[in-house]
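A closer look at the structure
As a plain string of letters, each chain reads:
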Amino acid sequence: MLLFFYFESGKDVLIWVILAAVIFAVAALITKAAFVIRNNKKYKENKNGGQDFSFGDDAFDLESKYTDDGCLIMPRGVKYSVGLNGQLKAGVYELRSENADVNVFKVIVNDTEKEFADGDVVILSAGDVVCPTSETLFVKIRED
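Since this is a predicted model, take the numbers as computed values, not measurements.

Regarding the overall build of the chain
Summing up its helical and strand segments, the chain has 1 helix and 8 strands in all. Going from N to C terminus, the chain has its helices and strands arranged as α-β-β-β-β-β-β-β-β. Here the chain holds 144 residues, and 24% of them are scored as buried. Across the chain, contacts joining residues at least 24 apart in sequence account for 63% of those joining residues at least 6 apart. Total accessible area on the chain stands at roughly 10400 Å², and carbon and sulfur atoms take up 58% of it.

Next comes the structure, spelled out in structure tokens:
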């Protein structure tokens, strides 16, 4: 209220009110943008529960993803999706542990953790998500 005594006309008051509203709106937009960016980062990190992996990732080259006999190396904690835009195509896959001493290992298939024995097969269809949780796996598609 004291500010009104310092203005010479109503026009000055209107200018200051508009200026204050613009400053408030800009501050609100910046705050909203900061929250959206922060929440999107958290969503991307936690969406799959593990690392996001794609064949275009510079951390891996194509030769390091496959063994000499054509098995895909699936590191522990990395999620793979199945389908057109995924890293795996739909089909029947044989699962083998990288460690010869381990006969039983855990794998998350579609948000459910299951135990598999060395040499077990799993049928994957479009939309499925697979993530080894206890061991790095060698995975080979079965052509039968």
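Considerations on the sheet that holds strand β2 (residues 80-81)
Spatial ordering of the open sheet is given by β2-β7-β4-β5, a layout of 4 strands whose pairing is antiparallel. Sheet topology places β2 and β5 (112-117) at the edges, where each strand pairs with a single neighbour. As judged from the 2 bridges shared by β2 and strand β7 (residues 129-132), these two strands associate in the antiparallel manner. Counterpart to Ser81 in the pairing with β7 is Val129.

Things to note about the side chain of Glu135
As for its placement among the helices and strands, Glu135 is situated in the loop between β7 and β8 (137-141). Notably, Glu135 is buried but unbridged: the nearest opposite-charge side chain belongs to Arg76, and the N-O separation is 6.8 Å. Those residues in contact with Glu135 that lie beyond four places of it in its chain are Met74, Arg76, Ser97, Asn99, Val102 and Phe105.

What counts, and where the lines are drawn
Residues numbered from 1 in each chain as written. Predicted model: local features only at pLDDT ≥ 70, side-chain atom pairs only at ≥ 80, totals over all residues. Heavy atoms only, no water. Helix = DSSP H or I, 4+ residues; strand = E, 2+ residues; numbered from the N terminus. Buried < 20%, exposed > 50% of the residue type's maximum accessible area, 1.4 Å probe, protein only. Contact = heavy atoms within 4.5 Å. Areas by Shrake-Rupley, 256 points an atom, 1.4 Å probe, with all protein chains shown as cover. Pairing = 2+ DSSP bridges. Lys, Arg positive; Asp, Glu negative; His and termini not counted. Salt bridge = Lys/Arg side-chain N within 4 Å of Asp/Glu carboxyl O.

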